[in-house]
Amino acid sequence: MSKVTVVGAGFVGATVAQHVAEQDLADVIIIDILEGVPQGKALDLMQAAPILGHDRKIVGTNDYKDTKGSDIVVVTAGIARKPGMSRDDLLKTNANIVQGVIKETQKNSPDAIYIIVTNPLDVMTYLAWETLKLPAAKVMGMAGVLDSSRFQTFIGMELNVSVRDVRAMVLGGHGDLMVPLPRYSTVNGISITELMPADRVEALCKRTRDGGAEIVNLMKSSAYYAPGASVAQMVSAILKDENRLLPCCVHADGQYGLKDVYVGLPTVLGKGGVNKIVELKLTADEQAALKKSADSIRENIDVMKQLLVAV
Ligand SMILES: NC(=O)c1ccc[n+]([C@@H]2O[C@H](COP(=O)([O-])OP(=O)(O)OC[C@H]3O[C@@H](n4cnc5c(N)ncnc54)[C@H](O)[C@@H]3O)[C@@H](O)[C@H]2O)c1
């Protein structure tokens with residue numbers, strides 16, 4: 001029986017737990033510092049099981065002992081930026097939270113694979129990898145699946161075709177500098193650059209880059225349905241050893257000319273975690289955009305390291 005721990009019983013964490021249980025992927029432990037919230041959400045999800053017809057156990061807890069023996073740990077714990085809070089304050093607060101929770105989970109599940117979700121995503125994933133001291137294959141971040149799914153959604157809407165026929169690839173960091181790749185985005189094998197004019201392609205890329213902010217502006221809090229589904233797809237790829245080719249935030253060690261940074265790249269996800277980083281041929285512009293994105297992540301990693309030293 002597979003076991004997945006979801007740290008953080010907030011919007012994203014609860015949605016991840018829902019998908020993982022309802023897709024019959026694993027039993028789920030939801031853990032949070034808030035008392036009652038993980039227990040309540042777990043019970044609510046359990047009470048949906050008879051209707052949906054699954055027998056997965058979902059347990060809410062505040063005790064890390066309950067997470068023992070997890071195959072995958074998903075980290076969604078963190079806080080959102082509040083009024084008056086600087087980016088650095090948020091970075092430091094979430095860095096401390098992520099460091100704290102992964103130390104606790106690692107004690108109980110030394111063999112687990114980690115999927116980090118907490119923002120700023122690429123920096124938090126780097127921090128998790130450095131703190132866990134695990135092989136890079138076992139520590140990854142979720143962003144590319146979500147950003148690509150947003151791109152796919154917009155392509156489907158633009159062309160009025162089923163999203164089942166749309167595939168898309170978005171690389172780079174999970175922020176304004178992400179790199180949607182229209183050349184590698186297709187409707188049933190046909191590149192979207194053949195199906196719409198260049199200005200519409202650019203408009204969809206821009207909407208994808210701003211995809212998170214568009215939702216925050218509408219509902220005043222960050223997205224969780226698509227992020228939760230994205231994490232579940234990664235969990236499925238790993239637990240079922242599916243070898244899915246998915247963009248994930250991974251440790252670049254020379255690939256694409258990038259070194260010692262966590263950034264979104266195409267990967268093959270299976271039982272061992274990141275089984276492979278796939279190297280695509282990029283144009284000079286695409287490569288420059290990816291480098292710019294990675295450079296910006298590296299700068300933020302340096303800022304985070306200074307903030308963590310200056311306690
Ligand atoms: N990577 C992505 O693509 C992506 C997408 C959406 C959201 N996010 C990020 O995911 C995170 C969670 O978002 P959300 O909407 O679920 O937020 P949320 O505020 O609803 O949930 C966060 C939860 O973390 C808990 N928490 C805080 N400190 C903790 C600790 N030390 N131990 C255990 N739990 C702790 C809080 O109590 C809260 O329940 C945020 O950082 C958000 O920016 C990332």
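Sequence order as written defines residue numbering, which begins from 1 separately in each chain. Residue-level local features of this predicted model are given only where pLDDT is at least 70; pairs of side-chain atoms are given and counted only at 80 or more, and the full residue set underlies all totals for whole chains, interfaces and linings. Processing note: side-chain calculations cover all non-hydrogen atoms of the structure and skip hydrogens and water entirely.

K.L.:
It is not clear to me how the pattern of salt bridges should be interpreted in this structure. Could you clarify?
P.N.:
Once their charged atoms are close, side chains differing in charge can pair, the charge on each being opposite to the other. In the sections that follow, a salt bridge refers to a side-chain nitrogen of Lys or Arg positioned within 4 Å of a carboxyl oxygen of Asp or Glu. Per the stated rule, a full pass over the model turns up 13 salt bridges. In this structure, the salt-bridge partner of E214 is R207, at a minimum N-O distance of 2.9 Å. When a residue's accessible area, from a 1.4 Å probe over protein chains only, is under 20% of the maximum for its type it is buried; when over 50% it is exposed; and in between it is partly exposed. E214 sits in the partly exposed class, given a relative accessible area of 28%. Given a relative accessible area of 32%, R207 falls into the partly exposed group. One salt bridge connects K259 with D253, and the closest N-O pair in it is separated by 2.7 Å. A network of salt bridges, in which partner residues are shared, links D24, D27 and R56.

K.L.:
Sorry, what's going on with the sheet that holds strand β10 (residues 186-187) here?
P.N.:
Sheet strands pair via backbone hydrogen bonds, and the direction of the pair is either parallel or antiparallel. Spatially, 3 strands are ordered β7-β10-β11 in an open sheet, and the strand pairing comes out antiparallel. Of all the strands in the sheet, just β7 (166-167) and β11 (190-191) have a single pairing partner and so form its edges. One requirement defines pairing of two strands: DSSP has to find at least two bridges between them. A run of H or I in DSSP becomes a helix once it reaches four residues, and a run of E becomes a strand once it reaches two; helices and strands are each numbered from the N terminus. Direction of pairing for β10 relative to β11: antiparallel, over a ladder of 2 bridges. Across the sheet, the residue bridging to T186 is S191, located in β11.

K.L.:
Looking at this structure, how should I read helix α6 (residues 144-159)?
P.N.:
By this rule, a helix spans an expected 1.5 Å times one less than how many residues it contains. With 16 residues, α6 extends 22 Å between its outermost C-alpha atoms, agreeing within 8% with the 22 Å of an ideal straight helix rising 1.5 Å per residue. Those residues of α6 lying buried are G144, V145, L146, D147, S148, R150, F151, Q152, F154, I155 and G156. N160 sits one or two residues past α6 and shows a positive phi near 55 degrees.

K.L.:
What is the right way to read the nonpolar core from this model?
P.N.:
Note on soluble globular proteins: their nonpolar side chains tend to be buried together. Ranked by internal contacts, the top residues of the largest apolar core, which has 79 residues, are V74, Y114, I115, M140, V235, V263 and L269. The greatest single-element share of this core, amounting to 8 residues, is contributed by helix α5 (residues 121-132). Throughout this description, the term nonpolar core refers to a set of buried Ala, Val, Leu, Ile, Met, Phe, Trp, Tyr and Cys residues connected via side-chain atoms within 4.5 Å. Among the nonpolar cores identified, the runner-up in size contains 13 residues, and F151, V166, M178 and V201 belong to it.

K.L.:
Help me understand the site of the ligand, please; the structure alone is not making it clear to me.
P.N.:
The environment of the ligand is formed by 24 residues, the closest being V12, D32, V117, N119 and M142. We call two N or O atoms a polar contact when they sit within 3.5 Å, provided that within protein one can donate a hydrogen and the other can accept it, with sequence-adjacent residues counted only if both atoms are side-chain atoms. At 3.4 Å, a backbone N or O of G78 approaches an oxygen atom of the ligand. A distance of 2.9 Å is found between an oxygen atom of the ligand and a side-chain nitrogen or oxygen belonging to N119. All accessible areas in this document rest on Shrake-Rupley with a 1.4 Å probe, and a residue is counted as covered only by the protein chains that are shown. Considering the ligand on its own, with 860 Å² of exposed area, one finds that the protein chains cover 84% of that surface. Of all the elements in the fold, those that place two or more residues in the shell around the ligand are α1 (11-22) and α4 (87-108). Taken together, the residues of the shell around the ligand sort by class into 15 nonpolar, 8 polar and 1 charged. Throughout this document, a residue counts as near a molecule or strand when at least one of its heavy atoms sits within 4 Å of that molecule or strand. Gly falls in the polar group here, along with every residue not listed as nonpolar (Ala, Val, Leu, Ile, Met, Phe, Trp, Tyr, Cys, Pro) or charged (Asp, Glu, Lys, Arg).

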